[in-house]
Structure formats: structure tokens, C-alpha cells
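Examining the three-dimensional arrangement
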Amino acid sequence: MTSKYDLHIHSSFSDGTDSPKEILTKAKALGIENVAITDHDTIRGLKEEKENAKALGINYVNGVELSTFSLMEVHILGYAFDADDDRLNTTLNDFSEQRKTRVRKILDLLAKQKIYIDEEDLVDSDSIGRLHVANALVKKGYVGSIPEAFDRYLGAKGCAYLPSKRITPFEGVEIIKAAKGIPVIAHPLRFHQAKILNDLIEGLKAHGLGGLEVYYNTHDEQTRKELYSLAQKHKLIATGGTDYHGKNRNLELGSVIWEPDKYTKAKLHLN
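Let me sum up the structure you'll find in this document.

Parameters at a glance
- Residues numbered from 1 in each chain as written.
- Predicted model: local features only at pLDDT ≥ 70, side-chain atom pairs only at ≥ 80, totals over all residues.
- Heavy atoms only, no water.
- Patch = residues over 30% accessible without salt bridge, like charges linked within 9 Å, V, L, I, M, F, W, Y side chains within 5 Å.
- Areas by Shrake-Rupley, 256 points an atom, 1.4 Å probe, with all protein chains shown as cover.
- Salt bridge = Lys/Arg side-chain N within 4 Å of Asp/Glu carboxyl O.
- Helix = DSSP H or I, 4+ residues; strand = E, 2+ residues; numbered from the N terminus.
- Buried < 20%, exposed > 50% of the residue type's maximum accessible area, 1.4 Å probe, protein only.
- Core = buried A, V, L, I, M, F, W, Y, C linked by side-chain atoms within 4.5 Å.
- Contact = heavy atoms within 4.5 Å.
- Polar contact = N/O pair within 3.5 Å; in protein donor to acceptor, adjacent residues only side chain to side chain.
- Pairing = 2+ DSSP bridges.
- Axes fitted to C-alpha atoms, helices over the stretch in contact; angles between N-to-C directions.
- Phe/Tyr/Trp six-rings, centres within 6.5 Å; stacked < 30°, edge-to-face > 60°.
- Right-handed = clockwise from strand over helix to strand, strands pointing away.

Next up on the list: a nonpolar patch on the surface. Together, Phe69, Leu71, Met72 and Ile196 give the surface a local cluster of nonpolar side chains, amounting to about 390 Å² of exposed area. When you line up the elements, Phe69 lands in strand β4 (residues 63–69). Residue Phe69 is classed as partly exposed on the basis of its relative accessible area of 40%.

Rendered as C-alpha cells:
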């Protein structure tokens, strides 16, 4: 029997709506035997996740998704790292404080527009961000939908937009690598379409890049083949997942069907 894999999942510890336990219970029911929960800039739920996975007989891979920025936003997935690494945890703690500070400033900007959202209205999350504010705006009736919240208030042209402070992609890769993990470029389609992915890979490989997310919900078969060829060319693992966010995104857990090659299985200790 072929194993099932989903190595890109977000829980309620970041911007998903399902708890880690709910995700793992769903994974078990769907026959997904290899899971990584890759919350944005936090691993606060990791211990609970590993314990629940073990109880359910699911092979669990340590995961995180770092939000980085240089000339553009680049998300770096980290896998199989040492969760006790000091530099990694210091970085994630800094991220959490920066996110909270940013959200408070966004709430102040909204208040100037006579839009009143209190911190108590937001979900408790280490990875608090604009999506949590958008949900609160919808819940309190200021907007009719999350896209409207971003269009009117939270997006780059919105009156409550505030850019976030990010580490660079080089730093993100180095942090995961230093924690004995494997850094992976997440959802690379836009870089591939812009014909800059090869240069991005070459630049990040010098800092320890180890993988490319080949299998993703927006990648058609031709794109997968091209990305897999790039992964092979640069001796990178080829990962995949759904980017599941529960009710916050219309994607089903385990809906990206893929089979890792032997190199990827060995590196991530997949079944």
C-alpha cells in the first residue's frame, strides 16, 4: 500500500482554524500517514503535535514556515530540525513579539478610522497577523468578507496597512540549517513563472538550502515536472503538501496527491 503525505499544514497556533489534535485526527481518518504541521513562525504546538501523532500511529516530521523578505516575500519551510535549538527559538520568540507589536499598531490605525477592534477580539496566536484582524473585522460587521478587509484596510493600499519586519531568505535558510534541519522554498510557482527560481535556488544553496516544494495545489502536472527537474539538478529534496488552513482556505487536507522519491524519503525519514 502506498503511504499518503501532507507536509504543509497550518493549525490554530498560526493562521489555521483547526487545532493540531483536530488536524491529526482528520489525517488519520483520511489515511494520511506522514504529516508535518508547518505553522508560520512558531513551533509552540510541536510537542503536543508529536505526542498526538505517535498515539495515532502517524509519522510526524518537525515543521515550520518562516516568513522572510528581500526584494520580495519568500517563505522558507523548515523540516526535521532540532526543536530545542537556541537560535531557532530566539528567532521565533522575536517573530512573535514583532507580530504582536505590528497588530497593535494596525488596531490603532483602524481606530483612527472609527473602526474599533480590541486585542481581546483576536484569536490567541504566537503567529498573530493581518488575517486574524480581517476575521475580526468580518465578525464585527465592518466588512462583508476577508478580501474586502484586505482591499479596504489591511492590504498594501489600505488605510491600516503596516509593513512587517522580516528576516532575509538567506537568514531563514541559515537558521533552519543551523538547527540541523532542511530548509525548503515554499510554493515557488511565482518565482518559476517569473523565470527567477533557478537564480533564487543558486543564491540560497550557498546558505544551506536543501529542498523545493514541488507538489502544491496550484502546480499542474507540467509545472511539477519542471520543478522536479530543478530539484534534481540542484540535488534538493522535493516536498509537497496542501497548505491546509482549515476554514480559512478552501483546501482539503491531503488533497495534493504525491509520492516522494527515495532521496526525499531518506532525508525526512518518511514511510
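Turning our attention to the nonpolar core. Among the nonpolar cores identified, the biggest contains 44 residues, and Tyr79, Leu88, Ile185, Leu197, Ile201, Leu212 and Leu268 are the most heavily contacted of them. Ignoring sequence-local partners within four residues, the contact set of Ile185 consists of His75, Phe191, Leu197, Leu200, Ile201, Leu204, Leu209, Gly211, Leu212 and Glu213. With 17 residues, the next largest nonpolar core counts Leu110, Ile115, Ile128 and Val143 among its residues.

Turning to its location among the elements, His234 is positioned in the loop between α9 (221–233) and β8 (237–240). Looking at His234, its side chain comes within polar contact range of the side chain of Asn198, at 2.8 Å. Not counting chain neighbours up to four residues away, the residues in contact with His234 comprise Asn198, Ile201, Glu202 and Lys205.

In this section: the sheet that holds strand β1 (residues 5–9). In a beta sheet, neighbouring strands are held together by backbone hydrogen bonds and run either parallel or antiparallel to one another. The three strands are arranged β1-β2-β3 in an open sheet whose pairing can be described as parallel. Two strands in the sheet have a free side with no partner beyond their single neighbour: β1 and β3 (59–60). Bridge analysis of strand β2 (residues 34–37) against β3 gives two bridges, and the strand direction is parallel. The partner of Asn34 across the bridge, within β3, is Asn59. Each of β1, β2 and β3 is contacted by helix α1 (residues 20–30), which is oriented at about 160° to β2, the strand it contacts most.

The next point concerns the pattern of salt bridges. Under the defined criterion, the tally for this structure stands at nine salt bridges. With its nearest N and O atoms 2.7 Å apart, the salt bridge here joins Asp18 to Lys26. Residue classification places Asp18 among the buried positions, given a relative accessible area of 7%. Taking relative accessible area as the criterion, Lys26 reaches 36% and is therefore assigned partly exposed. Across the salt bridge formed by Lys265 and Glu259, the nearest N and O atoms sit 3.0 Å from each other.

Inspection of every chain in the model, using the stated rule, returns two aromatic pairs. Centre to centre, the rings of Tyr215 and Trp258 are 5.3 Å apart; their planes meet at 20°, and the pair counts as stacked. Taken as a pair, Tyr215 in strand β7 (residues 211–215) and Trp258 in the loop between β8 and α10 (262–268) lie far apart in primary sequence, 43 residues in all. Take Tyr215: its relative accessible area is 13%, and that puts it in the buried class. Following the ring pairs from residue to residue traces out a cluster consisting of Tyr5, Tyr215 and Trp258.

Residues other than glycine seldom take positive phi values, yet Lys114 does so here, at roughly 65°. By secondary structure assignment, the location of Lys114 is in the loop between α3 (86–112) and α4 (130–139). Backbone geometry at Lys195 places phi at a positive 60°, although glycine is not the residue there. Within the fold, Lys195 resides in the loop between α7 (189–193) and α8 (197–205).

Strand order in the open sheet formed by five strands is β4-β5-β6-β7-β8, with mixed pairing between adjacent strands. Strands at the two margins of the open sheet, each flanked by one partner only, are β4 and β8. Within the sheet, the average angular offset between the axes of one strand and its neighbour, ignoring direction, is 40°. Here helix α6 (residues 169–178) sits on the sheet in contact with β4, β5 (73–79) and β6 (182–185), set at roughly 155° to β4.

Secondary-structure assignment places Ser3 in the segment before β1. Apart from residues no more than four positions distant in its own chain, Ser3 is found in contact with Glu33, Asn34, Glu259 and Asn271.

Turning our attention to the pairing of β8. Taking every second residue as pointing to the same face, both faces of β8 are buried, with Ile237 and Thr239 on one and Ala238 and Gly240 on the other. Strand direction decides the pairing type here: β7 and β8, joined by four bridges, are parallel. Directly across from Tyr215, in β8, lies its bridge partner Gly240. Regarding topology, α9 serves as the crossover connection from β7 to the parallel β8, and that connection is right-handed.

Residues Leu131, His132, Val133, Ala134, Ala136 and Leu137 constitute the buried set of α4. In the stretch just after α4, Gly141 is the one whose phi turns positive, near 85°.

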